[in-house]
Amino acid sequence: MSTPPRVAVLTRPAGRNEALAGRLNDAGWSVCMLPALEIQPLDVATTDLPRPADFDMVVFVSGNAGKQYLDQLARADGPSVWPAGTIAATVGPASAGGLRESPGFGANTTVLHPGEDAPSHDSEALWQVLCGLPQLPARVLLVRGTQGRDWLGDRLEAHGAAVTRHAAYLRRPASWDAAQLAPLRRWADAGVSATWLITSGEGADAVRAGLDAAGLASWWERCRFVLTHPSLARRVPAGCHGDAPPAMVKICLPNDESIFQAFVAA
């Protein structure tokens, strides 16, 4: 009896999946890179762009938030050095590494983030790091997309911080063409269950809507999932239909190594 093929569908935005895809290919997986969301930079008038020097701390909710905001600064002001008196903070070591590699971030720039061994890399984990400071920064710039959780901003405000929220990019559902959907149709027709990487609630909803429109909703119900946050489990199929077993779900940290190990263990 032949072993069923191992199929991975990677849904992070374009440019974020290639290294992981290569590792999975080397491990014998068939990989489809199918971004669930498109990242669209937002134009902002130079006079409306908040500058880091006006804040005690700038929080980036994701690597994309950091990249898009720094691009906005560069377009508005040209090459500049991150102000020494302004703390940068983000939700995980991968995003922090991206900031440190950015032009203008010196070796002495303070970048706060949950450690590699933190139980999660999210707003809650960053909040625990911030609670370890002698005192919370008074003026905070929160850089994010146009949508998303506002838990951290609300928590900072509840503890007396003045929070300015800045949208640096727009996330919208990607439009999949026939060529992108073709491998999914082949696997669905062959009864092959794919393992999907889901990294955000918006991404999960976009995938579900895209598969509904393509007539692949029933196949999605039989698939497996690797999720980068426990809260995402409610955004994917429960898989309980009659005698069908529950959908297989693995929870992992949102870095390539943890995601790869979750797929391998699937």
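Look above for the structure.
Residues numbered from 1 in each chain as written. Predicted model: local features only at pLDDT ≥ 70, side-chain atom pairs only at ≥ 80, totals over all residues. Heavy atoms only, no water.

Caption draft 1: Examining the overall build of the protein more closely. The secondary structure content of the protein amounts to 9 helices and 11 strands. Here the protein has a C-alpha radius of gyration of 20 Å; the compact-globule value for 266 residues is 18 Å, and the two agree. Along the first, second and third principal axes, the C-alpha set of the protein runs to 65 × 35 × 35 Å. Counting only residues that meet the buried cut, the protein has 45% of its 266 residues in that class. Summarising the internal contacts of the protein: among those between residues at least 6 apart in sequence, 65% fall at separations of at least 24. Summed over all atoms, the accessible surface of the protein reaches about 13,100 Å², with 52% contributed by carbon and sulfur. Within the protein, the 26 negative side-chain charges are centred at a point lying 3 Å from the centre of the 23 positive side-chain charges. (Helix = DSSP H or I, 4+ residues; strand = E, 2+ residues; numbered from the N terminus. Rg over C-alpha atoms; globule rule 2.2 N^0.38 Å. Buried < 20%, exposed > 50% of the residue type's maximum accessible area, 1.4 Å probe, protein only. Contact = heavy atoms within 4.5 Å. Areas by Shrake-Rupley, 256 points an atom, 1.4 Å probe, with all protein chains shown as cover. Lys, Arg positive; Asp, Glu negative; His and termini not counted. Charge placed at Lys NZ, Arg CZ, Asp CG, Glu CD.)

Caption draft 2: Local environment of the side chain of asparagine 255. Assignment of secondary structure puts asparagine 255 in the loop between strand E11 (249-251) and helix H9 (256-265). Separated by 2.8 Å, the side chain of asparagine 255 and the backbone nitrogen of serine 258 make a polar contact. Leave out the neighbours within four places in its chain, and asparagine 255 touches Glu116 and His121. (Polar contact = N/O pair within 3.5 Å; in protein donor to acceptor, adjacent residues only side chain to side chain.)

Caption draft 3: Just the pairing of strand E9 (residues 195-198), in detail. Burial of the side chains of E9 extends over both faces: Thr195 and Leu197 are buried on one face and Trp196 and Ile198 on the other. Relative to E9, strand E1 (residues 7-10) runs parallel, the two sharing 3 bridges. Residue pairing in the sheet places valine 9 in a bridge with tryptophan 196 of E9. For E9 and strand E10 (residues 224-227), the ladder comprises 4 bridges, and the chain directions are parallel. Across the sheet, residue leucine 197 finds its bridge partner in E10, namely valine 226. (Pairing = 2+ DSSP bridges.)

Caption draft 4: Highlighting helix H6 (residues 178-190). With 13 residues, H6 should reach 18 Å at 1.5 Å per residue; the first-to-last C-alpha distance of 18 Å fits that figure. Restricting attention to buried positions, one finds in H6 the residues Leu181, Pro183, Leu184, Trp187 and Ala188. The inward-facing, buried residues of H6 abut E1, strand E2 (30-33), E9, helix H7 (201-213) and helix H8 (217-220). Backbone nitrogen of alanine 179 and a side-chain oxygen of the N-cap are separated by 3.2 Å at the start of H6; the cap is aspartate 177. Glycine 191 sits one or two residues past H6 and shows a positive phi near 75°. (Expected span 1.5 Å × (residues − 1).)

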